[in-house]
Amino acid sequence: WLFTRQHTQLLIYGITLVVLAVCSGVYPLFHRRNQATIGAYTVIISLLVAAFAVILMLPQLMVAGGITYAVIALLSCLLLGVRNGRWPMVVSVVAFATDLVLVNTVAPSWFPPLGETIGLAVSGFPGFAAMIVVAVIAYTVVAGQEEFFRESKLAHAEIEQRVVTEEEQRVHLQQANLEIER
């Protein structure tokens, strides 16, 4: 790739996907350290950069890129909440519009077109990578929610036990007061 300069976009594409995989892989580590927001920003920013770059290098992925930007917007709301998830939505729309303009104007001269076989082989990989990223993050979020639900149930059971204990103590105290009054 470096010497013949033919299909250099495949090398850049591979590097982009490795960076995306590493950034996505650190999300569970941040989540375990109670720094899920930093992990979410890392994943979302890497997804935005990867989507933007891949569409420029491989224009045949424009439709998949549009879906990717929609998934990024949904994922940002899931991970960051509605309020903090707004900026990735706006960035997704602007990035997709920019990709659309660049792919149809100047980007075709930046990289030579891929052959049909290579194009088919490469075009399926972003969907596969996106499914893995979304699956790992969704699993982490759902597992965290299940843990909060379990803790909530334990706290509820403890509160009910305290109510029963306090009621018994109140009854016992009332009986003691009645005996003292007699």
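1. Quick word on the pattern of salt bridges
- Under the counting rule described, the total for this entry stands at two salt bridges.
- Note that glutamate 158 is salt-bridged to arginine 162, the shortest N-O span being 2.8 Å. Residue glutamate 158 and its partner arginine 162 are both found in helix H7 (residues 125-181); the two are separated by four residues, about one turn of the helix.
- Notably, a salt bridge pairs glutamate 167 with arginine 170, separated by 2.4 Å at the nearest N-O pair.

2. Quick word on the side chain of serine 76
- Residue placement: serine 76 occurs in helix H4 (residues 62-84).
- For serine 76, a relative accessible area of 0% puts it in the buried group.
- Once residues lying within four places of it in the same chain are set aside, the contact partners of serine 76 are Ile44, Gly81, Gly85 and Pro88.

3. Some thoughts on helix H1 (residues 8-25)
- Over its 18 residues, H1 extends 26 Å from the first C-alpha to the last, a length consistent with the 26 Å expected when each residue adds 1.5 Å.
- Within the span of H1, buried status applies to Thr8, Gln9, Leu10, Tyr13, Thr16, Leu17, Leu20, Cys23 and Ser24.

4. With respect to the packing of helix H3 (residues 36-57) against helix H5 (residues 86-104)
- For the pair H3 and H5, interaxial distance at closest approach is 9 Å and the crossing angle is 10 degrees. As summarised for this structure, H3 and H5 are arranged roughly parallel, according to the angle between their axes. Pair H3 / H5 crosses with right-handed handedness. Here H3 contributes Tyr41, Ile44, Ile45, Leu48, Ala51, Phe52, Ile55 and Leu56 to the contact with H5, which in turn contributes Trp87, Pro88, Val91, Ser92, Ala95, Thr98, Asp99, Leu102 and Val103.
- Residues belonging to the contact of H3 with H5 are distributed by class as follows: 14 nonpolar, two polar and one charged.

5. A short note on the side chain of aspartate 99
- By the secondary structure assignment, aspartate 99 is in helix H5.
- At 2.8 Å, the side chain of aspartate 99 and the side chain of tyrosine 69 are in polar contact.

6. Here's the deal with unusual backbone geometry
- You will see that asparagine 34, though not glycine, has its phi angle at about 60 degrees, which is positive.
- Relative to the helices and strands, asparagine 34 resides in the loop between helix H2 (27-32) and H3.
- A residue is classified by how much of its surface remains accessible, and asparagine 34, at 73% relative accessible area, is exposed.

7. Describing the nonpolar core
- Core analysis: the largest hydrophobic core is formed by 31 residues, its most contacted members being Tyr27, Val43, Leu47, Tyr69, Ile72, Leu79 and Ile137.
- At the level of elements, H1, H3, H4, H5 and H7 are the ones that each hand at least two residues to this core.
- Counting residues per element, this core draws most heavily on H3, at 11 residues.
- The residues touching isoleucine 72, leaving out its near neighbours within four places in the chain, are Ile44, Leu47, Leu48, Ala51 and Ser92.

Calculation notes
Position numbers for residues count from 1 along each chain, tracking the sequence in the order it is written. In view of the model being predicted, local features appear only for residues whose pLDDT reaches at least 70, and side-chain atom pairs are presented and counted only at 80 or more, with totals across whole chains, interfaces and linings using the full set of residues. To obtain the side-chain values, all non-hydrogen atoms of the structure were included, while hydrogens and water were left out. Between Lys or Arg on one side and Asp or Glu on the other, a salt bridge is scored when a side-chain nitrogen of the former is within 4 Å of a carboxyl oxygen of the latter. Each helix is a run of H or I in the DSSP string that is no shorter than four residues. Each strand is a run of E no shorter than two, and both are numbered from the N terminus. Three exposure classes are used, based on accessible area relative to the maximum for each residue type with a 1.4 Å probe and protein chains only: buried under 20%, partly exposed in between, and exposed over 50%. Here a residue-residue contact requires only that any non-hydrogen atoms of the pair lie within 4.5 Å. The span one expects for a helix is its residue count, reduced by one, times 1.5 Å. Whenever a helix is involved, its axis is fitted only over the stretch in contact; in every case the axis is a line through C-alpha atoms, and angles between N-to-C directions fall within 0 to 180 degrees. When an angle is under 35 degrees it counts as roughly parallel; over 145 it counts as roughly antiparallel; between 65 and 115 it counts as roughly perpendicular; any other value is oblique. Two helices crossing with the near one rotated counterclockwise from the far one by less than a right angle form a left-handed crossing, whereas a clockwise rotation gives a right-handed crossing. As a working rule, the residues Ala, Val, Leu, Ile, Met, Phe, Trp, Tyr, Cys and Pro are called nonpolar, Asp, Glu, Lys and Arg charged, and the rest polar, with Gly in that last group. Whenever two N or O atoms come within 3.5 Å, that pair is a polar contact, provided that in protein one can donate a hydrogen and the other can accept it, and provided that, for residues adjacent in sequence, both atoms are side-chain atoms. Note on terminology: a nonpolar core comprises buried Ala, Val, Leu, Ile, Met, Phe, Trp, Tyr and Cys residues joined through side-chain atoms within 4.5 Å.

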